[in-house]
Amino acid sequence: MSPIEPEGARGQSTTRRRRTLRLRTLLIWLAIVPILAMSAQVVMTAQRLVHQSENLHADVAVGERIDVPLTKLMVKVQAERTMTATRWAGGSVADNELRERRVATDRAADEFRRSADGALAANGREDERYVAELKHSLADLAAFRERADSRRGGVERTTGYYSDLVDRIIRVYQNQFSHAEDAELIQESGVVVTMFTVSEMVARETTILAMAGPSRRLSSSGFAEFVNSVGTQRYQYDEWVAPYLPTEDRADYDRVFASDGWKTKVRIEDAVISDHQNTASGIKLPMVADAWRGAYDKFAARLAALDAKQARTVLVHADAKATQLETEVIWLIVGNGAALLAVAAVIVLTTRSVLRRLRGLHQRTVAIAEETLPDVVARLQRGQSVDDDALPAVSGDQDEVGRISDAFARVVSVSVDGHAQLAAERQGFGMFAAGIASRTGNLVSRQLTLTDELQDTFGHDEELLAGLMRSDQLTVGMRRQVENLLILAGGEIPDPHTEPMRVADLLREAAAEVEDFRRIERQALDEISVAPRVISEISHLLAELLDNATRFSPPQSKVVVRAELVTDGLLVDIEDRGPRVTAATYEEMNGRLHSAPPYSVLAENAHRLGLFVVGHIAEQLGATVTLRRSVYGGTSAVVILSEELLVPTEPVRAGKEVPRAAATPAPAPGTLNERKPELVLHAKTAPAGCRTPERSPEGPVESKPPLPSVTRDGDAKPALPERVPQAHIAERLRAPHAPETAVDQDAATPEEVADAWADYEHGTQTVEEELRQDQP
């Protein structure tokens, strides 16, 4: 390691010195930047407060001009509603009396319109939403009066219009301080709105009882509305008004509620609810209901005055809040100026101290970099242990210079840990390779033992074919483990395919590589195929997932693999009936699928490398693999293959492809012995006229009944392979079987026959291609 040049060393160019900023300058800029940021924040805060104050002042100005007309309009509308209902029900209401009431309502409406238009224009605001809705509803007042006079549309619909007007008036109050951001002001405004609602509920009770008329009969809907109004006004006052009223204001309301008129009102409400009678023509009210109008007139004016007083109190508080916000802006600006002066003084006092301590830190850093660290790295490379005292320790100082010193100590520690980790990964890779080799050796031993048992036990029996298929299955498993090692080492799986493969054939090929393939049930599309360059990789990926599904599910259960086209490409779903897996375990397994771990992690998980292999292949293919819980309680592995990996399946024309095994000469024994062991058996080469035993994941391995023979060598059975020493492969057994006396009718379906011939043709073509490559 080259030594670090001391500060101010010779040979440093003057140009570089001029371009490098001094630490003192950097410290000053480090202080200026937050000062500017703080100033900008103060300016933004001040602007927000000023804007809020202006909005509050505007709301107060609008409220002072429209609150009184608005309250007056609400009282007039409520009175006209009650009089209209009384006349409709046959009560004693003179025409001139109703006419005077309507004129009073019109005057209040005109006064409200003038006040609202003037207030909004004076404060530079457009017509607000709720004010506009209220004015629009007032335009329909004449039409509903005409309906009331001609008794068209029903009394409930007419009174409902008046009730809607009152609701819109209350919403104007509710929206009055929508710009406010003060919780206390919003709460006070809400209390006022709730009190107006309580008064409206009592007024609606008056209207409903007026609708009963001299007969004191109400409809079921009218009685339900009366009960609802009673419950609403009592609940809202007890829960949302009384607890939030100041002591003095609450005393004023208590005096109203203690008056004779209010007590009579409560008594009538209870009597109507409890003593009414259900008749065929409606609800018959008790006689005490006739006293309602007199009781209501005693407290209605006082209650409306208290509501108006509460509304004015909110306006006063809002104006005071706006003034308070302006004061806060002034103090904010003054405080920010004082803080800026304090920061400037602190910068001057601390810069010298920081520079002095940094010089000492620089000297210690140079000593560690030029002497201590090179020695430690050399010891680690030689595999020797390192004394902790030789490395700089973290002191835990909280000041800036102490933190820099601790940061350097952590850098040294990370560097040392990196070299130690590299050594651990080298050891882990050795363990990983040994684990793969051990598993492969076990498979080879089992394959050889099984082959010996078949040769010694069955001889030239037909059942030898099933045994050879079992031996071939183990060889394929051995090959897959070797490919796992190749994949995790960064290599690629050799792919001999030159033609696209149907998805159904691909699933069959993947399932055939699983030891317990009989439990696998395949469901695939035939109208799509996979590109030749990725057939082996996809087959290996699916084989690993299928193997995992069969190993970790009950031996009597099925493993279902489905393939279908989706928007993003081809979806392959592998579903088992294994044990329940927690969400944390799924998250851990999906993490293995989506990231390549170091060799040390592979070493710790050498007994379960399947997910790592799947993750590597998926990354190479640009595919996604996700494990999740199945609806049947097991695990579902979802594989998404992109459209770039798929090609359309070309239709097979009649007579275009015929089996070529009869025309293919059998290779010489010496040539076969030079090939890989799995290629000879896995190809399932057989002479024409004989059906090969099908290795199907959907059923047990069995020897299919042969097709009618077309060979020219009589009825002799085809020669079977046997193992040659040192080659670990089976050479063809030459002793012929006895001639068959009878040929059973083939019970296979056309689809099974097509699949069997497809496997046979594929194996034949593979062997031919490899033999041509081996020939000089």
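We now turn to the structure provided with this report. (Residues numbered from 1 in each chain as written. Predicted model: local features only at pLDDT ≥ 70, side-chain atom pairs only at ≥ 80, totals over all residues. Heavy atoms only, no water.)

1. Re the overall build of the protein chain
Phase 1 of the analysis: Assigned secondary structure in the protein chain consists of 21 helices and 13 strands.
Phase 2 of the analysis: Counting over 776 residues, the protein chain shows a buried share of 43%.
Phase 3 of the analysis: At a minimum sequence separation of 6, the contacts of the protein chain that also span at least 24 residues come to 75%.
Phase 4 of the analysis: Carbon together with sulfur atoms contributes 54% to the accessible area of the protein chain, which is approximately 41800 Å² in total. (Helix = DSSP H or I, 4+ residues; strand = E, 2+ residues; numbered from the N terminus. Buried < 20%, exposed > 50% of the residue type's maximum accessible area, 1.4 Å probe, protein only. Contact = heavy atoms within 4.5 Å. Areas by Shrake-Rupley, 256 points an atom, 1.4 Å probe, with all protein chains shown as cover.)

2. Here's the deal with the sheet that holds strand 7 (residues 559-566)
Phase 1 of the analysis: Strands sit in the order 5-7-8-10-9 across an open sheet of 5 strands; the sheet is mixed. Of all strands in the sheet, those with a lone pairing partner are strand 5 (520-523) and strand 9 (624-629), marking the two edges. Pairwise comparison of adjacent strand axes, ignoring direction, gives a mean angle of 15 degrees for this sheet.
Phase 2 of the analysis: Relative to strand 8 (residues 569-575), strand 7 runs antiparallel, the two being bridged by 7 bridges. Within strand 8, the position partnered with L565 by the bridge is L570.
Phase 3 of the analysis: In the packing of helix 14 (residues 503-512) onto the sheet, the strands contacted are strand 5, strand 7 and strand 8, and the crossing angle to strand 5 comes to about 170 degrees. (Pairing = 2+ DSSP bridges. Axes fitted to C-alpha atoms, helices over the stretch in contact; angles between N-to-C directions.)

3. Some words on the side chain of D573
Phase 1 of the analysis: Assignment of secondary structure puts D573 in strand 8.
Phase 2 of the analysis: Separated by 2.5 Å, the side chains of D573 and S636 make a polar contact.
Phase 3 of the analysis: If near-sequence neighbours (up to four positions away) are discounted, D573 is found in contact with V560, V561, R562, S636, A637 and V638. (Polar contact = N/O pair within 3.5 Å; in protein donor to acceptor, adjacent residues only side chain to side chain.)

4. Considerations on the environment of E225
Phase 1 of the analysis: Relative to the helices and strands, E225 resides in helix 8 (residues 220-241).
Phase 2 of the analysis: For the pair E225 and E205, spaced 20 residues apart in sequence, the C-alpha separation works out to 8.3 Å.

5. Topic: the pattern of salt bridges
Phase 1 of the analysis: Taken as a whole and assessed by the stated rule, the structure comprises 26 salt bridges.
Phase 2 of the analysis: We note a salt bridge from D167 to R204, for which the minimum N-O separation is 2.9 Å. Residue D167 is found in helix 6 (residues 155-174), and its partner R204 is found in helix 7 (residues 183-212); the two are separated by 37 residues along the sequence.
Phase 3 of the analysis: Judged by its relative accessible area of 26%, D167 is partly exposed. (Salt bridge = Lys/Arg side-chain N within 4 Å of Asp/Glu carboxyl O.)

Function cannot be read off these values alone, since they describe shape.
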